There are 2 protein chains.
Amino acid sequence: MTDQDETHRTLRSDAERNRDRIADAARAAFRDLGADAPMKEIAKRAGVGTATLYRRFPTREDLLSYVFADRLTGCADSVHVALASPDPWQGLVDHISHLTHLQLEDRAFTAVFLHEFPPDSPVSHSHAEAGAALDRLLDAAKTAGDLRQDVDADDVVLLLKANDGVLRWSGDPARESRRLVERFLHSFRT
Amino acid sequence: MTDQDETHRTLRSDAERNRDRIADAARAAFRDLGADAPMKEIAKRAGVGTATLYRRFPTREDLLSYVFADRLTGCADSVHVALASPDPWQGLVDHISHLTHLQLEDRAFTAVFLHEFPPDSPVSHSHAEAGAALDRLLDAAKTAGDLRQDVDADDVVLLLKANDGVLRWSGDPARESRRLVERFLHSFRT
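Residues numbered from 1 in each chain as written. Chains lettered and ligands numbered in written order. Predicted model: local features only at pLDDT ≥ 70, side-chain atom pairs only at ≥ 80, totals over all residues. Heavy atoms only, no water.

Asks: Lay out the nonpolar core in plain terms, naming residues and giving numbers.
Replies: Counting 116 residues, the largest nonpolar core has F30 and L63 of chain A together with F30 and L63 of chain B as the members making the most contacts within it. Other than its neighbours up to four places away in sequence, F30 of chain B contacts A35, A37, I42, R60, L63, L64, V67, F68, D106, R107 and A108 of chain B. (Core = buried A, V, L, I, M, F, W, Y, C linked by side-chain atoms within 4.5 Å. Buried < 20%, exposed > 50% of the residue type's maximum accessible area, 1.4 Å probe, protein only. Contact = heavy atoms within 4.5 Å.)

Okay, structure coming up:
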């Protein structure tokens, strides 16, 4: 290994370390403060300058997309697990419970879930895939006779928006969020 | 009339004018920015100094309570109209529609509606009265056989919290809010 290789490798691992530190800090800041957590606060938590932050992630959208890529892949996986269930209604119940739980865990999740990212961002593929899989799941639950014909993916999105309001205002968010889900599922059921 | 009377009268009407200007500015700022609209912004919109604002309304709570007193009296009236209806279920539907419409009109309404004001504030009487009347309305709709026995006033409050989330995230808030109300009413109905 030449000295130049060694220098190159060190620089690259510094860059990676910075990126990881920024991602960890951003994940925590988004969880605590929501998707509009100040970039300055994220830089401060990561222990880097704002210039470094903006060099790695030129926009907030880049940062959100990077940080939430895993979680949105997890959502897509959750629909596929639901689709594989012998009981599509139970699959839908489990999937909705998974999504609303992610909202409870992380205040920024709703914003990321509802945001339309540009087609080339890390999250947009899993976003689109999860949407298509959800449509198939709803169709399967209708075919099984458990889901009302007038329910569609917009109703699931409506539930997530509603749940964000409940989480924001409730003194006992876990309990009230469950109650909201029960109300919705009751109105979804044939 | 003595000169002193005249001076006194002018001072008092200046004070009243200031109070009205502050209330109008606060109403608009709360509507546009929500219940946490900066006091500085309210003073600016009213064209008064922050010292004048704080002299009239020492806390944000005083200001919210003053500005929303009429609207909360209106809510209490709305439950009483519902109670007078020959069909308590229809009364409940109308009352819920009234409340969710107030939320649509004014971003601060939810915060004021959900806030617990001290017992001596202008809004607390109508708050308590509306709550008691809502309980009677729910009982009447249950007795008529239209409302499920497991629904209580907490479910109506849950709907208002949920609606706030929908209004916050929706691109078409009036339509999606109606859809949310339909989902809830469907789950309320026997």
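From this point, the discussion proceeds with the structure in view.
Asks: Describe the relation of the copies chain B and chain A, with residues and values.
Replies: Once chain B is rotated about the relating axis by 180° and shifted along it by 0.0 Å, it coincides with chain A to within an RMSD of 0.0 Å. Within this description, the copies of the chain are treated as partners about a two-fold rotation axis. Of all interface residues in chain B, 100% are interface residues in chain A too; the two copies therefore contact each other through one and the same surface. (Least-squares fit on C-alpha atoms with pLDDT ≥ 70 in both.)

Asks: If you had to explain the interface of chain B and chain A to someone new, which residues and values would you point to?
Replies: Opposite the 26 residues of chain B that make contact, chain A presents 26 residues. In total, chain B and chain A occlude about 2,300 Å² of area from one another, counting both sides; carbon and sulfur atoms represent 55% of this. The interface formed by chain B and chain A includes 10 salt bridges. Put simply, E176 of chain A and K161 of chain B hold a salt bridge, and the shortest N to O gap is 3.0 Å. Across the chain B-chain A interface, the total number found is 14 residue pairs in polar contact (both at pLDDT 80 or more). (Buried area = accessible area lost by both parts, 1.4 Å probe. Salt bridge = Lys/Arg side-chain N within 4 Å of Asp/Glu carboxyl O. Polar contact = N/O pair within 3.5 Å; in protein donor to acceptor, adjacent residues only side chain to side chain.)

Asks: An account of the pattern of salt bridges is needed here, citing residue identities and associated values.
Replies: This structure, assessed with the given rule, holds 32 salt bridges over all chains. Note that D146 of chain B and R189 of chain B form a salt bridge whose closest N and O atoms lie 3.2 Å from each other. Of this pair, D146 of chain B sits in the loop between α7 (124-143) and α8 (153-169) while R189 of chain B sits in the segment after α9 (173-188), placing them 43 residues apart in sequence. Classification of D146 of chain B as buried rests on a relative accessible area of 16%. You can call R189 of chain B partly exposed: its relative accessible area is 36%. Across the pair D150 of chain B and R148 of chain B runs a salt bridge whose closest N-O atoms are separated by 2.9 Å. Through salt bridges with shared partners, one network takes in R148, D150, D152 and D155 of chain A together with R179 and R183 of chain B. (Helix = DSSP H or I, 4+ residues; strand = E, 2+ residues; numbered from the N terminus.)

Asks: So what about the domain arrangement of chain A? Which residues, and what values?
Replies: All names here are of chain A. The domains assigned to chain A are domain 1 (1-58) and domain 2 (67-190). Averaged C-alpha coordinates put domain 1 and domain 2 at centres separated by 31 Å. Each partner contributes residues to the interface: domain 1 has nine residues there, and domain 2 has eight residues. Summed over both sides, the interface between domain 1 and domain 2 buries roughly 640 Å², with carbon and sulfur atoms accounting for 64% of that surface. It is R27, F30 and R31 that lose the most area in domain 1 upon contact with domain 2, and together they represent 60% of the buried surface on that side. The interface formed by domain 1 and domain 2 includes zero salt bridges. (Domains from an automatic or database assignment.)

Asks: Describe the confidence of the model for chain A, and please don't skip the residues or the numbers.
Replies: Residues and elements named next belong to chain A. Looking at chain A as a whole, its pLDDT mean stands at 90, while 94% of the residues score no less than 70. Model confidence for chain A, summarised as mean pLDDT per element, is weakest for helix α1 (residues 3-33) at 82 and strongest for helix α9 (residues 173-188) at 97. Quick note on the complex model: pTM equals 0.86, ipTM equals 0.85. (pLDDT = per-residue confidence, 0-100.)

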